[in-house]
Structure formats: structure tokens, C-alpha cells
Amino acid sequence: AKESNFAKFVIFASSLLFCVNIASPFFSVFMLRDLKFDYLTYTLLTVTVTITQICAFNRWGMHADKIGNIKVIKFTSFFIASLPLLWVINRSLLFLTLAQIISGFAWAGFNLCATNFIYDAVTPQKRVRCIAFFNVFIGISTCGGALLGGYISNYMPGLFGHKLLSLFLLSSLLRFCVVFLFSGKI
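Values in this document were obtained by computation on a predicted structure and should not be read as measured data. (Residues numbered from 1 in each chain as written. Predicted model: local features only at pLDDT ≥ 70, side-chain atom pairs only at ≥ 80, totals over all residues. Heavy atoms only, no water.)

Moving on, we come to the packing of helix 1 (residues 5–23) against helix 5 (residues 93–121). Where helix 1 meets helix 5, the axes come as close as 11 Å, and the angle between the chain directions of the two elements is 150°. Regarding the angle of helix 1 to helix 5, the classification is roughly antiparallel. The crossing of helix 1 and helix 5 is left-handed. Seen from helix 1, the contacting residues are N5, F6, F9, F12, L16, L17 and V20; seen from helix 5, they are W107, F110, A114, F117 and I118. Each residue belonging to the contact of helix 1 with helix 5 can be placed in one class, and the counts come to 11 nonpolar, 1 polar and no charged. (Axes fitted to C-alpha atoms, helices over the stretch in contact; angles between N-to-C directions. Helix = DSSP H or I, 4+ residues; strand = E, 2+ residues; numbered from the N terminus. Parallel < 35°, antiparallel > 145°, perpendicular 65-115°, else oblique. Left-handed = near helix turned anticlockwise from the far one by under 90°. Contact = heavy atoms within 4.5 Å. Nonpolar A, V, L, I, M, F, W, Y, C, P; charged D, E, K, R; others polar.)

This is the structure:
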């Protein structure tokens with residue numbers, strides 16, 4: 001693992017997704033329960049991410065072809081780390097729509113280039129094994145982060161009157177730690 005660039009990438013991506021999923025399951029709860037959005041507003045805000053991703057994939061692909069997948073991954077990981085902070089800063093519908101557009105843009109670049117990075121970093125003979133290895137670590141990290149977030153959400157102090165905002169802040173701080181500790185090693 002010390003010499004393998006692929007192993008370093010798996011550690012980085014799974015650590016980042018662990019931190020992401022500490023907060024990720026709770027954005028829906030926050031919108032519906034705490035912000036009292038109706039289902040139409042919630043749906044429109046949620047689908048904004050997907051629509052932005054669809055629109056951004058092609059552009060990220062062309063950009064990654066020019067500068068490389070790892071540079072896009074490192075760049076977008078900073079945006080991914082800052083996403084929960086946007087929810088802490090402002091909770092107006094217009095601002096959150098902008099935050100969701102930024103989220104879709106960042107996740108499109110990260111997801112596309114993470115997949116492409118695996119194809120670049122691994123020989124064709126090892127590709128299936130490495131993709132499976134990557135997906136197992138991502139799955140465990142996603143589950144672990146969500147379980148931890150669910151457990152600690154009840155114990156978080158309120159921030160601006162909302163416990164989940166404290167969870168979002170914690171997730172963002174941990175994401176930044178992962179980005180600063182691991183992204184330079186890939």
C-alpha cells in the first residue's frame with residue numbers, strides 16, 4: 001500500500017466518503033423536518049444536483065483529458081469538503097439551490113475522474129479485482145460514515161438552533177482533514 005498509487009487513492013476516496021456520509025443522509029431530514037420545505041421544494045432542490053451532474057460530465061471529461069484525472073479529483077475534493085459549510089452559512093432556498101448546483105458540479109468531476117483514474121492506474125489484467133476492491137472499501141466507508149452520523153447526531157450541540165448543522169460542520173471539517181492529509185500523496 002505504501003508504494004501503490006491505487007491503494008493510496010482507495011484510502012483517500014474511502015476516507016473522504018466516510019466523512020461525507022456522516023452528514024449526507026441527514027440533508028433530507030434537515031430540509032423536511034427543520035427547514036419545513038414542502039415535498040415539491042425538497043424534490044426540486046434534490047434533483048438540482050443530478051441535473052447539474054448530467055450537464056457537467058462532458059465538460060469535466062474534456063477538462064480531465066487535458067489536465068489529468070487526479071488534478072480534477074484534487075480540485076473537486078476541496079469543493080466537496082466545503083459543501084456542508086454552505087448549509088451552515090445560509091439556509092435560504094436561493095442560496096441552497098446554488099449550493100446544490102456547486103454540489104452537482106463537484107461530484108460530477110470527482111465521480112467521473114475517480115472511475116477514470118482506476119482505469120489509468122491499474123493494468124487491464126488487475127482491473128476487475130481493483131474495481132471490486134475499490135467498491136468494497138467505498139461501500140464499507142459509506143455505511144460506516146452513515147452509522148456514525150446517525151449515532152452522534154443525537155449528541156451534537158445545537159448550532160443556530162439545529163443539531164444537524166453541528167453534524168454538517170463536523171463532516172466538513174473532517175472532509176478538509178482528509179483532503180489535506182491524503183490528496184497530496186496520490
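Attention now goes to a nonpolar patch on the surface. Nonpolar side chains collect at one region of the surface, where L40, L44, V47 and I51 lie side by side and expose about 370 Å² of accessible area between them. Looking at the secondary structure, you find I51 in helix 3 (residues 39–67). Here I51 falls in the partly exposed class, since its relative accessible area comes to 46%. (Patch = residues over 30% accessible without salt bridge, like charges linked within 9 Å, V, L, I, M, F, W, Y side chains within 5 Å. Areas by Shrake-Rupley, 256 points an atom, 1.4 Å probe, with all protein chains shown as cover. Salt bridge = Lys/Arg side-chain N within 4 Å of Asp/Glu carboxyl O. Buried < 20%, exposed > 50% of the residue type's maximum accessible area, 1.4 Å probe, protein only.)

A few words now on the nonpolar core. Core analysis: the biggest nonpolar cluster contains 53 residues, and F9, F12, L16, I73, W87, F134 and F168 have the highest contact counts within it. Elements with a minimum of two residues in this core: helix 1, helix 2 (26–34), helix 3, helix 4 (69–89), helix 5, helix 6 (127–152) and helix 7 (163–182). The element best represented in this core is helix 1, accounting for 11 residues. Beyond its immediate chain neighbours, meaning those up to four positions away, F168 contacts A23, F26, F27, F30, P84, W87 and V88. (Core = buried A, V, L, I, M, F, W, Y, C linked by side-chain atoms within 4.5 Å.)

A few words now on the layout of surface pockets. Here the largest pocket defines a volume of roughly 590 Å³. Those elements giving two or more residues to the lining of the largest pocket turn out to be helix 1, helix 2, helix 3, helix 4, helix 5 and helix 6. Of the residues forming the lining of the largest pocket, the biggest block, 10 residues, is contributed by helix 5. A class-by-class count of the residues in the lining of the largest pocket yields 17 nonpolar, 11 polar and 1 charged. (1 Å grid on protein atoms, 1.4 Å probe; cavity = no way out; pocket = protein on both sides within 12 Å on 5 of 7 lines; lining within 4 Å. Points joined across faces, edges and corners; volume = space filled by probe spheres on them.)

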